[in-house]
Amino acid sequence: MSATESSRTASSGSLYAARKAIYPKEVEGSFRRIKWGLLAFTLAVYYLLPFVRWDRGPGAPTQAVLVDFPHRRFYFFFIEIWPQEVYYLTGLLILAALVLFLMNAVAGRIWCGYLCPQTVWTDLYLSAERWIEGDARERARKDAGPRTSKIRREKIAKHALWLVIAWWTGGAWVLYFADAPTLVHQLATFQPGVSQAYVWIGIFTFTTYMLAGHMREQVCLYMCPWPRIQAALTDEYALNVTFRYDRGEPRMSLKQGLALRAAGGRAGDCVDCGQCVAVCPTGVDIREGASLGCVQCGLCIDACDGVMAKIGRAPRLIAYDTQMNCERRKSGAAPIFKPLRARTLIYAMLILAIGGMMSLTLATRGDARLSVIHDRNPLAVRLTDGALRNAYTVRFANMSGEPRRFALEVEGLDQAEVEIVGVEPDAQGRFVVVVGPDQTREARALVTLRGDKPSAAQTPIVFVSRDLDSGASVEAKDAFLQP
Ligand code: SF4
Ligand code: SF4
């Protein structure tokens, strides 16, 4: 905030500076093209992914990416995550954070500048605004001047287009939670039973319209925690969009600079044209150094390269570089670029280790699960014949496409007998439960111990669920308690 703005804010008694409208100018260049490419790619993935099909066999959902709340499943192509495996999602979140840290250590806020949904949708909304109302200068003029009927019509058209994009965005979101083609048909024909989907579409329409249309750079400046975290995680080797002041300063107009150079003086390459500020979507002047407001989108690089090309000077007066290199070049030393350093290697190794471990466990996991919870009250009961009994809630999970028979056994406690309430033992005395394909079944298990009791108050035991057809087994640990 400038001194004038500060004193104005102080004299008005407000703790907050009024928002200054930003009209980013359109720009051409390599970073703009990269941003267009990523915008098209990320939006195409978001809008089209629910319609991608994946064959999982008869009876299973055919949607490649699906969050199936009614059946408590998450499907991602060939991966199916059950509620008992929610730790994979935790692992994914940890991986995402590490990838963000690595990106930051190599090239600053490239997530913010190119991939963050706030950036992508704001860019899309700005394009719609430019298409209807014209480029920066025209938009600023229209906002400052009287509202003619033409301007009003343009405003209505712009907001209508924004709302259509927002509605489309909310509509795509709900398609990740149900079979997309079926839900589209139900929504389009106003069928009963999808009222929740309408509510969620409404919520996402509103938030998209507000965040990308109205709040824009304010989300990055005031709401998002990442710039603060990123600033604490960065170091002097991380590449950031940098004004190369060793080359650009002292800045002055082209005319003054040429005159000074002709007289044998030193003039920087910056001609103070202000184009880098004019194209900035957050209104930052990159020449003032690093700031939280800079989302590192690289558009000021394109703007300045365009100016340099016009006046016949070398490009990249603004570039992905470091402040340290500016200082080094000033003192005549060669710049240093160190993408491989302790923190990038540690992040990369952690990503490989966690990613590798998750892939391995996913690839080798079986298609059955067993979970056990000991009764809390009573922990143990003594029967009239002196035997001790503990009760448990046992859940068998059959993750295959066929029904399966599981026999329950208990290990770790000599002479302990296990039974399942409501199930008769088979000819061999085994308690067997049948679990349908892709289902779980809960049962109450009783473990009874007759004869000699262990000396410890708590004895570790292992429940074993054995598939009677394949012989494969899964285990769950618990304990047998004495009163
Ligand atoms: S200063 Fe440059 S890189 Fe930073 S947000 Fe503005 S245009 Fe993008
Ligand atoms: S666009 Fe380049 S030359 Fe123009 S003010 Fe910015 S840094 Fe200086």
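The shown structure was predicted, so the numbers you read here are calculated from the model rather than taken from an experiment.

Our next topic: the sheet that holds strand S1 (residues 65-68). Taking strand neighbours across the sheet as the criterion, the three strands line up as S1-S2-S3 in an open arrangement whose pairing is antiparallel. The sheet is open, and its two edges are formed by S1 and strand S3 (79-81), each paired on a single side. Sheet twist, expressed as the mean angle between neighbouring strand axes with direction ignored, is 10 degrees. Two elements, S1 and strand S2 (residues 73-76), share four bridges in a ladder whose sense is antiparallel. Across the sheet, valine 65 pairs through a bridge with phenylalanine 76, a residue of S2.

Let us now look at the pairing of strand S6 (residues 368-374). For S6, the tally of buried residues reaches five of seven residues, placing the bulk of the element in the interior. Looking at chain direction, S6 and strand S8 (residues 388-398) are connected through seven bridges and run antiparallel. Looking at S8, one finds that serine 371 is bridged to arginine 395.

A word on a nonpolar patch on the surface. There is a patch of nonpolar side chains on the surface, built from Leu340, Leu345, Ile346, Met349 and Leu350 and spanning about 500 Å² of accessible area. Examined against the element boundaries, methionine 349 turns out to sit in helix H17 (residues 342-364).

Here the focus is the site of ligand 2. Within the structure, ligand 2 sits among Phe243, Cys270, Val271, Asp272, Cys273, Gly274, Gln275, Cys276, Arg287, Cys304, Met308 and Ile318. Within the residue set of the shell around ligand 2, elements represented by two or more residues are helix H14 (275-278) and helix H15 (299-310). Class assignment of the residues belonging to the shell around ligand 2 gives a composition of eight nonpolar, two polar and two charged.

Where helix H2 (residues 30-48) meets helix H5 (residues 117-133), the axes come as close as 10 Å, and the angle between the chain directions of the two elements is 105 degrees. In terms of axis orientation, H2 runs roughly perpendicular to H5. Counted together, Arg32, Lys35, Trp36, Leu39, Thr42, Leu43, Tyr46 and Tyr47 of H2 and Thr119, Val120, Trp121, Asp123, Leu124 and Ser127 of H5 form the full contact between these two elements. Taken together, the residues of the contact of H2 with H5 sort by class into eight nonpolar, three polar and three charged.

At a closest axis distance of 7 Å, the pairing of helix H7 (residues 149-174) and helix H9 (residues 195-215) adopts a crossing angle of 135 degrees. One finds that H7 runs oblique with respect to H9. Like other packed secondary-structure pairs, H7 and H9 cross with a definite hand, here right-handed. Between H7 and H9, the contacting residues are His159, Trp162, Leu163, Ala166, Trp167, Thr169, Gly170, Gly171, Trp173 and Val174 on the first element and Ala197, Trp200, Ile201, Phe204, Thr205, Thr208, Tyr209, Gly213 and His214 on the second.

A separate point is the pattern of salt bridges. What the rule picks out here adds up to 41 salt bridges. The closest approach of N and O atoms between glutamate 85 and arginine 369, which form a salt bridge, is 2.5 Å. Of the two residues, glutamate 85 sits in the loop between S3 and helix H3 (87-107) while arginine 369 sits in strand S6, which places them 284 residues apart along the sequence. The exposure class assigned to glutamate 85 is buried, which follows from its relative accessible area of 0%. Its salt-bridge partner being arginine 147, residue aspartate 143 comes within 3.7 Å of it at the nearest N-O pair. For aspartate 143, a relative accessible area of 30% gives the class partly exposed.

Buried within helix H6 (residues 136-144) we find Ala136, Arg139 and Lys142. The arc that holds every buried residue of H6, seen down its axis, measures 135 degrees, which confines them to one face. Opposite the buried face of H6, at more than 90 degrees from it, the exposed residues are Arg137, Arg141 and Ala144. Those residues of H6 hidden inside the fold are in contact with H5 and H7.

Moving on to the domain arrangement of the chain. The domain boundaries assigned to the chain delineate domain 1 (3-93 + 102-228) and domain 2 (368-481). Each of domain 1 and domain 2 was reduced to a C-alpha centroid, and the two centroids are 50 Å apart. Each partner contributes to the interface: domain 1 provides six residues, whereas domain 2 provides eight residues. Carbon and sulfur atoms make up 48% of the area that domain 1 and domain 2 hide from each other, which totals about 550 Å². The largest contributions to the domain 1 side of the interface with domain 2 come from Trp82, Gln84 and Glu85, which together make up 72% of the buried area. Counting across the interface, domain 1 meets domain 2 through two salt bridges.

Definitions and cut-offs
Residues numbered from 1 in each chain as written. Chains lettered and ligands numbered in written order. Predicted model: local features only at pLDDT ≥ 70, side-chain atom pairs only at ≥ 80, totals over all residues. Heavy atoms only, no water. Pairing = 2+ DSSP bridges. Helix = DSSP H or I, 4+ residues; strand = E, 2+ residues; numbered from the N terminus. Axes fitted to C-alpha atoms, helices over the stretch in contact; angles between N-to-C directions. Buried < 20%, exposed > 50% of the residue type's maximum accessible area, 1.4 Å probe, protein only. Patch = residues over 30% accessible without salt bridge, like charges linked within 9 Å, V, L, I, M, F, W, Y side chains within 5 Å. Areas by Shrake-Rupley, 256 points an atom, 1.4 Å probe, with all protein chains shown as cover. Salt bridge = Lys/Arg side-chain N within 4 Å of Asp/Glu carboxyl O. Near = heavy atom within 4 Å. Nonpolar A, V, L, I, M, F, W, Y, C, P; charged D, E, K, R; others polar. Parallel < 35°, antiparallel > 145°, perpendicular 65-115°, else oblique. Contact = heavy atoms within 4.5 Å. Left-handed = near helix turned anticlockwise from the far one by under 90°. Arc of directions from axis to C-beta. Domains from an automatic or database assignment. Buried area = accessible area lost by both parts, 1.4 Å probe.

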